[in-house]
Amino acid sequence: MIERELMIANRLGLHARATAKLVQLLSGYRCSATLAAKGREVNAKSIMGVMLLAAGKGTPLLLRVEGEDETQAADAVAALFERLFDEEG
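Residues numbered from 1 in each chain as written. Predicted model: local features only at pLDDT ≥ 70, side-chain atom pairs only at ≥ 80, totals over all residues. Heavy atoms only, no water.

This is how it is decided: UniProt positions are given in the numbering used here, feature names are shortened, and annotations may be inferred rather than shown by experiment.
If you look the protein up in an unreviewed UniProt entry, it shows as HPr family phosphocarrier protein from Cognatiluteimonas weifangensis. Listed in UniProt under the heading Subcellular location (unreviewed entry), the comment for the protein reads: "Cytoplasm". UniProt annotates the protein under Sequence similarities (unreviewed entry) with the comment "Belongs to the HPr family."

The following block contains the structure:
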């Protein structure tokens, strides 16, 4: 299992479009993935679950991935967060 601390840095946080990008990205991996924030942990491959976090800009998240391609998935998610979900220049 891999755990990574992530920070939401994009202006709108995990809104619908950013959440959809995250879930779509993770759907290409076989490992399980969860996100934890504000005392709640959700399936990171579920749009509704991630939206329930109501995570805005500046919210720290803990990503947990476990499975055969966990390293690749964790790296891809970290890169998506670093690119601000491809929303801002």
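### What to know about the overall build of the protein
Heads up, the rule is: Helix and strand definitions follow DSSP, with helices as H or I runs of at least four residues and strands as E runs of at least two, each counted in order from the N terminus. Radius of gyration here uses only the C-alpha atoms, and the compact-globule reference equals 2.2 Å multiplied by the residue count raised to the power 0.38. We call a residue buried when its accessible area falls under 20% of the maximum for its residue type, exposed when it is over 50%, and partly exposed in between, using a 1.4 Å probe and counting protein chains only. By definition, residues are in contact when any of their heavy atoms lie within 4.5 Å. Note on areas: Shrake-Rupley with a 1.4 Å probe; residue coverage comes only from the protein chains shown. When charges are counted, Lys and Arg are positive and Asp and Glu negative, with His and the chain ends excluded. To locate a charge, take NZ of a lysine, CZ of an arginine, CG of an aspartate or CD of a glutamate.
The helix and strand tally for the protein stands at three helices and four strands. N-terminal to C-terminal, the α/β element order of the protein is β-α-β-β-α-β-α. Taken over the C-alpha trace, the protein has a radius of gyration of 12 Å; the compact-globule value for 89 residues is 12 Å, and the two agree within 12%. Residues classed as buried in the protein amount to 44% of the 89 residues present. In the protein, the proportion of contacts linking residues at least 24 apart, taken out of those at least 6 apart, comes to 70%. Carbon and sulfur atoms make up 51% of the accessible area of the protein, which totals about 4900 Å². Between the averaged position of the 11 positive side-chain charges in the protein and that of its 12 negative side-chain charges there is a distance of 8 Å.

### Quick look at a nonpolar patch on the surface
For clarity, the threshold we go by: To count toward a patch, a residue needs a relative accessible area above 30% and no salt bridge. Like charges then connect within 9 Å, nonpolar side chains (Val, Leu, Ile, Met, Phe, Trp, Tyr) within 5 Å. Any carboxyl oxygen of Asp or Glu that lies within 4 Å of a side-chain nitrogen of Lys or Arg is treated as forming a salt bridge with it.
A contiguous nonpolar surface patch, about 290 Å² in accessible area, is contributed by Ile47, Met48 and Met51. Inspection of the secondary structure puts Ile47 in helix α2 (residues 47-52).

### Describing the pattern of salt bridges
With the rule as written, the count across this model stands at six salt bridges. Here Asp75 makes a salt bridge to Arg4, at a shortest N to O gap of 2.5 Å. Here Asp75, found in helix α3 (residues 70-82), pairs with Arg4, found in strand β1 (residues 2-7); they are 71 residues apart in sequence, far enough to count as distant. According to the relative accessible area criterion, Asp75 is partly exposed, its value standing at 38%. Here Asp86 ties to Arg83 by a salt bridge, and the two come within 2.7 Å at their closest N and O atoms. Each of Glu3, Glu41 and Arg64 takes part in a single network of salt bridges with overlapping partners.

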